[in-house]
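Coordinates in review
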Amino acid sequence: MLLEDVLTRKEGEILEKVLQKKMDAKKEPAVIEIKNVKKVYRMGSERICAVDDVSFEINKGEFCCLLGTSGSGKSTLLNLMAGIEKASGGQILIKGKDVRKMSEKQLAKFRQKYLGFVFQSYNLLNSMTALENVEFPLVFKRVPSRRRRKMAKEMLVKVGLSERINHRPKQMSGGQQQRVGIARAFVAKPEIVFADEPTGNLDTRTTMEVMKLIKQIARDNQQTIVMVTHDPRLADFADKIIHILDGKIQSVELIEHPIDSFEEAVEETAAAEGKENKTDEKSAQDGGVIAGVQETTKTAEPDSTVSGDGDVTIGEQDTQFDGKVTDVGEGDKRAQDARKGKKTKERGQTKAPAQENEK
């Protein structure tokens, strides 16, 4: 059986879009490039190599997972990428800029502009409400108060906390606090989001809900996710899994998510078709309005017949004059009465001279 026999024409077109999108993604330069990165800690005379000559790339919109056991060096690597710690050697290029060479001031501005963070321990400010915690990153970006409040509310609604907007962290469960943390990380729409064990303090059910939420938001906004975890189940959400052990990369695993890619392409196609339909409807409505105006301004011509004696009979139909409708049947009667009166008068005038002649 051929593939063409299984897929409908529309499904085939969507599948082509998925494949084309993957090809285009490969052509784009990597958003994160790690080249021979090392991190060495010194404890007296002892040298501990936490990250040992690591190299890999992450593409735009990719969900990358750093998977390893406790002490493998995965969290250290994440901190190096985010500029929280300085690498001992190698290059860390994010959007083509070497993070390792930046000053603290430059790093702060860079993180503020391009990066978002989701922490295992939530890191919420207990003195602030959920809304105020989500607003906080926007303050540093100098977003006007009214606008940032609106953005924070919309993000909290998106993560399912519309009824917890004015609650403080201690008034919320662990899962709810992490949702606030996710909203805070994504509210400014950073291009890259770093997540360090984002579900480490959550139960299994809440963990799955949070992971689906992170992936959905990132997919909707074409954001890149770099997540650290020790849990293989969470790694299955990723497009790329980098296995780390003793500070070295053991293997890089690429995971295809055909269902997610297909659904995304279906949504994009539906959105495009909806846009075209709205344009067509608007054009049709505009055409209808123009036609209506032309019809209104045009005067209807009533049917008429001429009898043998010269009387004109007008058919009974409605004619529109200046926005007023006149029943032509009644007008016809008045016209006929007027003509009869005129004929009677003419006959009277003809008869009068004849009588004078007789006299």
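Notes on the structure in this doc start here.

Reading guide: rules and limits
Residues numbered from 1 in each chain as written. Predicted model: local features only at pLDDT ≥ 70, side-chain atom pairs only at ≥ 80, totals over all residues. Heavy atoms only, no water. Helix = DSSP H or I, 4+ residues; strand = E, 2+ residues; numbered from the N terminus. Expected span 1.5 Å × (residues − 1). Buried < 20%, exposed > 50% of the residue type's maximum accessible area, 1.4 Å probe, protein only. Contact = heavy atoms within 4.5 Å. Pairing = 2+ DSSP bridges. Axes fitted to C-alpha atoms, helices over the stretch in contact; angles between N-to-C directions. Core = buried A, V, L, I, M, F, W, Y, C linked by side-chain atoms within 4.5 Å. Salt bridge = Lys/Arg side-chain N within 4 Å of Asp/Glu carboxyl O. Parallel < 35°, antiparallel > 145°, perpendicular 65-115°, else oblique. Left-handed = near helix turned anticlockwise from the far one by under 90°. Nonpolar A, V, L, I, M, F, W, Y, C, P; charged D, E, K, R; others polar.

Section: helix α7 (residues 174-186)
- With 13 residues, α7 ought to run about 18 Å at 1.5 Å a step, and its terminal C-alpha atoms sit 19 Å apart, in line with that.
- Within α7, twelve of the 13 residues are buried, leaving the element largely enclosed by the surrounding structure.
- Within the sequence span of α7, burial applies to Gly175, Gln176, Gln177, Gln178, Arg179, Val180, Gly181, Ile182, Ala183, Arg184, Ala185 and Phe186.
- Looking at the buried residues of α7, the elements they touch are β6 (115-118), α5 (130-140), α6 (145-158), β7 (192-196), α8 (204-220) and β8 (224-229).

So, the sheet that holds strand β2 (residues 46-58)
- Across the sheet, which stays open at both edges, the four strands sit in the order β2-β1-β4-β5 with antiparallel pairing between neighbours. Looking along the sheet, the strands with just one partner apiece sit at the ends: β2 and β5 (97-98).
- Summarising the sheet, strand β1 (residues 32-43) and strand β4 (residues 89-94) pair through five bridges and their orientation is antiparallel. By the bridge assignment, Ile34 is partnered in β4 with Ile92.
- The strands touched by helix α3 (residues 74-82) are β1, β2 and β4; relative to β2, the strand with the most contacts, the crossing angle is about 65°.

Re the pairing of β2
- Where β1 lies against β2, nine bridges are found, and the strand directions are antiparallel. Following the sheet pairing, Met43 is matched in β2 by Glu46.
- Between β1 and β2, which pair antiparallel one after the other, the connecting turn spans two residues, and Gly44 there sits at a positive phi close to 70°.

Examining the nonpolar core
- Ranked by size, the top nonpolar core spans 41 residues in total, and within it Leu156, Val159, Val180, Ile182, Phe186, Ile225 and Met227 carry the most contacts.
- Going through the elements one at a time, β3 (63-67), α5, α6, α7, β7, α8, β8 and α9 (232-235) are the ones with two or more residues in this core.
- Among the elements that line this core, the one with the most residues is α8, at six residues.

Quick notes on the pattern of salt bridges
- Scanning the model with the defined rule gives nine salt bridges in all.
- Of the charged contacts in the structure, one is a salt bridge between Lys240 and Glu62, with a shortest N-O distance of 3.4 Å. With a gap of 178 residues between them, Lys240 in strand β9 (residues 240-245) and Glu62 in the loop between β2 and β3 connect regions that are remote in the sequence. For the pair shown, Lys240 and Glu62 are each scored as buried.
- A salt bridge links Asp231 to Arg233, with the shortest nitrogen-to-oxygen separation between them at 2.9 Å.
- Judged by its relative accessible area of 44%, Arg233 falls in the partly exposed class.
- Because the salt bridges share partners, they merge into one network encompassing Glu135, Arg148 and Arg149.

Regarding the packing of α7 against α8
- The contact between α7 and α8 brings their axes to 11 Å, and the two run at 15°. Comparing their axes, α8 and α7 come out roughly parallel. As for the relative orientation of α7 and α8, their crossing is right-handed in sense. Between α7 and α8, the residues in contact are Gly175, Gln178, Arg179, Ile182 and Phe186 and Thr206, Glu209, Val210, Leu213, Ile214, Ile217 and Ala218, respectively.
- Tallied by class, the residues present in the contact of α7 with α8 amount to seven nonpolar, three polar and two charged.

Focus: the side chain of Thr129
- By the secondary structure assignment, Thr129 is in the loop between β6 and α5.
- When residues no more than four places from it in sequence are discounted, the contact partners of Thr129 are Ile165, Asn166, His167 and Arg168.

Any functional reading would require information that these geometric values do not contain.
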